[in-house]
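Fold and geometry: a report
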Amino acid sequence: MNYPFDGELFLSQKKRFEEVVFFVHFYDGSKTQMKRHIDLVNDLGFDAFAFNLRSKSAFLINPISRKKVPGIKHIWADQISDLLNLIPQKKIIYSFSNPSSSAIEAMADRNNTDTVAMICDSGPSNQFLGSAFQLFQHLKKDGLIASFTKTIVTPLIWSPYLHSDMHPQLDTFPKGFKILSIRGWKDPLIPPDHIDGTFERHANLDWRKLSLPKAGHLNGLKDFRDEYIAGLKPFLEEVGTPVKKTKLSPTLDG
């Protein structure tokens, strides 16, 4: 099947679980930068799906989402919803940094009908403006004035709600919904307490932390592979549904 938005299904050569791990890449990233994570979940026995979020220029072409809300965050949520609808299997959402908020919106819009769990790596932040400012300063290497100016303008492009709408959306998730929150203690963009502010008020969630004391932003698997896998593998095996093995019918000889 040809999927929109450069969507691609990556089949596991040793499939053990029924669910598809659905990747939502980080801001200014791409599906090709998910390869390390795709290979990992394939090795663990899961099929994977990845795609490219629409570029920020999409906001200039069509700035309004289907819910009549402006902002790339909501346009991405529409995009994620459309792709989730095209995959018949149950899904485990695996999202990165602040685009995790778009994934949360899409899941809530679809009433979590076929998403069984979520993994959030390095986000999302409960203090969006702070993470935006740090993005411009630390990653984009913009000067102080330029970083401040871009931060002021960002809500016009991202969302008028920033991330305040995540809380009513997370409240709609079913009781006991499992989320693994992966965070680096040395993350300059989205520190752990900003992630805690996203999830901790929601008693309906069964959320756990995978803390990587030496990791920064998004580099957990790359630089701290053993610790990363040690926390991720049991979570995926807990939420995944083992593939039922087909029993061979006995044959009659003679």
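This report concerns the structure included in the present document. (Residues numbered from 1 in each chain as written. Predicted model: local features only at pLDDT ≥ 70, side-chain atom pairs only at ≥ 80, totals over all residues. Heavy atoms only, no water.)

**Re the nonpolar core**
The line we're drawing: As used here, the term nonpolar core means buried Ala, Val, Leu, Ile, Met, Phe, Trp, Tyr and Cys residues forming a set that is joined through side-chain atoms within 4.5 Å. Residue burial is assigned from relative accessible area. The probe radius is 1.4 Å, only protein chains are included, and a residue is buried under 20% of its type maximum, exposed over 50%, and partly exposed in between. Secondary structure elements are taken from DSSP: a helix is a run of H or I of four residues or more, a strand is a run of E of two residues or more, and numbering for both begins at the N terminus.
By size, the foremost hydrophobic cluster in this structure holds 39 residues, and its most contacted members are Phe22 and Met118. A total of six residues in this core trace back to one element, the largest contributor, which is helix H3 (residues 72-86).

**Some words on empty space enclosed by the protein**
For clarity, the cut-off: Cavities and pockets are defined on a 1 Å grid built over the protein atoms alone: a cavity is a set of grid points where a 1.4 Å probe fits but cannot escape, while a pocket is an open set with protein on both sides within 12 Å along at least five of seven lines, and lining residues are those with an atom within 4 Å of any such point. Grid points are joined across faces, edges and corners, and a volume is the space filled by probe spheres set on the points. Just so you know the grouping, Ala, Val, Leu, Ile, Met, Phe, Trp, Tyr, Cys and Pro go in nonpolar, Asp, Glu, Lys and Arg go in charged, and all remaining residues, Gly too, go in polar.
Under the defined criterion, the tally for this structure stands at one cavity of 30 Å³ or more. Each pocket or cavity is described by its volume, and for the largest cavity that value is around 30 Å³. In terms of lining residues, the largest cavity is bounded by Asp121, Ser122, Ile182, Arg183, Gly184, Leu212, Ala215, Gly216, Leu218, Asn219 and Gly220. In terms of residue count, the dominant contributor to the lining of the largest cavity is strand E6 (residues 177-184) (three residues). The residue inventory of the lining of the largest cavity, partitioned by class, reads four nonpolar, five polar and two charged.

**Description of the sheet that holds strand E1 (residues 8-10)**
Put simply, the rule is: Two strands pair if DSSP finds at least two bridges between them. Throughout, an axis means a line fitted to C-alpha atoms (over the contacting stretch in the case of helices), and angles, computed between N-to-C directions, take values from 0 to 180 degrees. Contacts are residue-level and defined by heavy atoms, with any inter-residue pair within 4.5 Å sufficient.
As summarised here, the arrangement of the seven strands in space is E1-E3-E2-E4-E5-E6-E7, forming an open sheet in which the pairing is mixed. Unpaired on one side and paired on the other, E1 and strand E7 (205-212) mark the two borders of the sheet. Each strand of the sheet is rotated relative to its neighbour by a mean of 20°, with strand direction disregarded. With three bridges connecting them, strand E2 (residues 20-24) and strand E3 (residues 47-50) associate as parallel partners. Each bridged residue has a counterpart across the sheet, and for Phe22 the counterpart in E3 is Phe49. Sheet strands in contact with H3 are E2, E3 and strand E4 (91-96), and its direction is about 160° off that of E2. Against the sheet, helix H8 (residues 192-199) engages strand E5 (115-121), E6 and E7, with an angle of about 165° to E6.

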